Amino acid sequence: SSGINAEWPLRPGTHEGRPLPDGMLLALLTPNSTLNVAGKLLGGKVHGSLARAGKVKGQTPKVAKQEDKKKKKTGRCKRRIQYNRRFATNVNTFGRKKGPNSNS
């Protein structure tokens, strides 16, 4: 005996080229014959158990929605503001020119 339980029912496989019926026992097979058993591979579970699903969302605190912000201007109005900021109200000063993002 090679450590195989003779009473263990086989999964669907083939014996001498023919498919095995479900529930067939190893003891009923002829000795020294070829046996092919198809085992099922469990796939898909790569990142841990499903017990931890939604863990991060569940433990983050709920933050109330902020009030609506003032909507941004678009189109002609935005271009007008942009022109005034860049050219119309510019006062020529000596020294290096300040960038659009400087707060001084």
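Model, not experiment: these values are computed from the prediction. The written sequence of each chain sets the order in which its residues are numbered from 1. For a predicted model such as this one, the threshold for reporting local features is a pLDDT of at least 70, and the threshold for listing and counting side-chain atom pairs is 80 or more; totals across whole chains, interfaces and linings nevertheless cover every residue. For the side-chain quantities, the full set of heavy atoms in the structure was used; hydrogens and water were omitted.

Participant: Even after reading the chapter, I still don't get the overall build of the protein chain, so can you show me in this structure?
Facilitator: Secondary structure elements follow DSSP: runs of H or I no shorter than four residues count as helices, runs of E no shorter than two count as strands, and numbering proceeds from the N terminus. Secondary structure summary: the protein chain contains two helices and three strands in total. Put simply, the protein chain runs from its N terminus to its C terminus through helices and strands in the order β-β-β-α-α. For the protein chain, with 104 residues in total, the buried portion stands at 7%. Long-range contacts, defined as pairs at least 24 residues apart, comprise 15% of the intrachain contacts of the protein chain with a sequence gap of at least 6. When the accessible area of the protein chain is evaluated, it comes to approximately 11000 Å², of which 54% is carbon and sulfur surface. The buried label goes to any residue with under 20% of its type's maximum accessible area, the exposed label to any with over 50%, and the partly exposed label to all in between, with areas taken from a 1.4 Å probe on protein chains only. Throughout, a residue-residue contact means that at least one pair of heavy atoms, one from each residue, lies within 4.5 Å. The accessible surface values rely on the Shrake-Rupley method and a 1.4 Å probe; as for residues, cover is taken only from the protein chains in view.

Participant: What should I look at first to understand a positive patch on the surface in this one?
Facilitator: By definition, no residue in a patch forms a salt bridge, and every one has over 30% relative accessible area; like charges are joined within 9 Å, nonpolar side chains (Val, Leu, Ile, Met, Phe, Trp, Tyr) within 5 Å. Salt bridges are identified by distance alone: a Lys or Arg side-chain nitrogen within 4 Å of an Asp or Glu carboxyl oxygen. Asp and Glu count as negative and Lys and Arg as positive, but His and the ends of the chain are not part of the count. A charged residue contributes its charge at one atom only: NZ of Lys, CZ of Arg, CG of Asp or CD of Glu. A cluster of basic residues, K69, K72, K78, R79, R85 and R86, forms a positive patch on the protein surface. Its location among the elements puts K72 in the loop between α1 (55-59) and α2 (76-88).

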